[in-house]
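Each chain, written out:
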Amino acid sequence: FLEGTLSLDQAIQAALGENPSLKAKQAGVKAAKARIGMERSLEDPMFGIEFEEVPTNTVDVTQGMMANYSVIQKFPFPSKLITKGKKAKKEYLSRKNEYDAAKLDTRRHTEHAYHELYFLERSVKINRELQALFGKWVASEKGRYDTGKGTAQNFLKAQAELEKLRSEAALLEAKRITSQARLNI
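Residues numbered from 1 in each chain as written. Predicted model: local features only at pLDDT ≥ 70, side-chain atom pairs only at ≥ 80, totals over all residues. Heavy atoms only, no water.

Caption draft 1: Layout of the environment of Leu-183. Position of Leu-183 relative to the elements: it lies in helix α4 (residues 152-183). Distance in space between the C-alpha atoms of Leu-183 and Leu-16 is 12 Å, their sequence separation being 167 residues. (Helix = DSSP H or I, 4+ residues; strand = E, 2+ residues; numbered from the N terminus.)

Caption draft 2: View of the packing of helix α1 (residues 8-18) against helix α3 (residues 78-146). One can describe the packing of α1 onto α3 by two numbers: an axis separation of 9 Å at closest approach and a directional angle of 140°. By the angle between their axes, α1 is oblique relative to α3. In this structure, α1 crosses over α3, and the sense of that crossing is right-handed. Contact residues: α1 offers Leu-8, Ala-11, Ile-12, Ala-15 and Leu-16, while α3 offers Lys-103, Thr-106, Arg-107, Thr-110, Glu-111, Tyr-114 and His-115. Looking at side-chain class alone, the contact of α1 with α3 contains 6 nonpolar, 3 polar and 3 charged residues. (Axes fitted to C-alpha atoms, helices over the stretch in contact; angles between N-to-C directions. Parallel < 35°, antiparallel > 145°, perpendicular 65-115°, else oblique. Left-handed = near helix turned anticlockwise from the far one by under 90°. Contact = heavy atoms within 4.5 Å. Nonpolar A, V, L, I, M, F, W, Y, C, P; charged D, E, K, R; others polar.)

Caption draft 3: Up close: the side chain of Thr-106. Looking at the element boundaries, Thr-106 is found in helix α3. Among the residues examined, Thr-106 registers a relative accessible area of 14% and is labelled buried. Among residues more than four places away in sequence, those in contact with Thr-106 are Ala-15, Leu-16, Asn-19 and Leu-22. (Buried < 20%, exposed > 50% of the residue type's maximum accessible area, 1.4 Å probe, protein only.)

Caption draft 4: Highlighting the nonpolar core. Formed by Leu-22, Val-29, Ala-32, Ile-36, Ala-88, Tyr-92, Tyr-99 and Ala-102, the largest nonpolar core amounts to 8 residues. For this core, the elements supplying multiple residues, two or more each, are α2 (20-40) and α3. Excluding anything up to four places from it in sequence, Tyr-99 contacts Leu-22, Lys-25, Gln-26 and Val-29. Ranked by size, the runner-up nonpolar core spans 6 residues in total, among them Leu-6, Tyr-114, Leu-117 and Leu-183. (Core = buried A, V, L, I, M, F, W, Y, C linked by side-chain atoms within 4.5 Å.)

What follows is the structure in structure tokens.
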């Protein structure tokens, strides 16, 4: 992992690019930005045609005696459109701030998980090296005990320390796997 497989920048870019919550917030920002222009604009005009005195024995409305055409456009008080536009802009800025905060939070969590994983992988590596050294110590103390030059206490102490390292290695490996899962790698 740490020897070139995934850099911190790559992990952050992957987290920012693949986070569904961030994608949803980004879409909300785009939608809020698009609403600003819509809120400042007039409502759509309505066009209509109305036929009167259509004979009841036909479905052809063009046989009616009269046709009325209409165009309707609502013109609200000017300050109403300005106010709606300002409100939409504030909504956009609010959503943008939420999105930026979520990006920073995701970045922070990713950096923390990455550094935690780095620490745990180094800890596992150091633990393995210590196990190798303690294994040699146990073998040495066993040889000294077998030849009568050492005590059983030293041999048992060395063996207990080696078992503590093995137990710690299992815990570190479990934590490493959990940390790795948090990064989704």
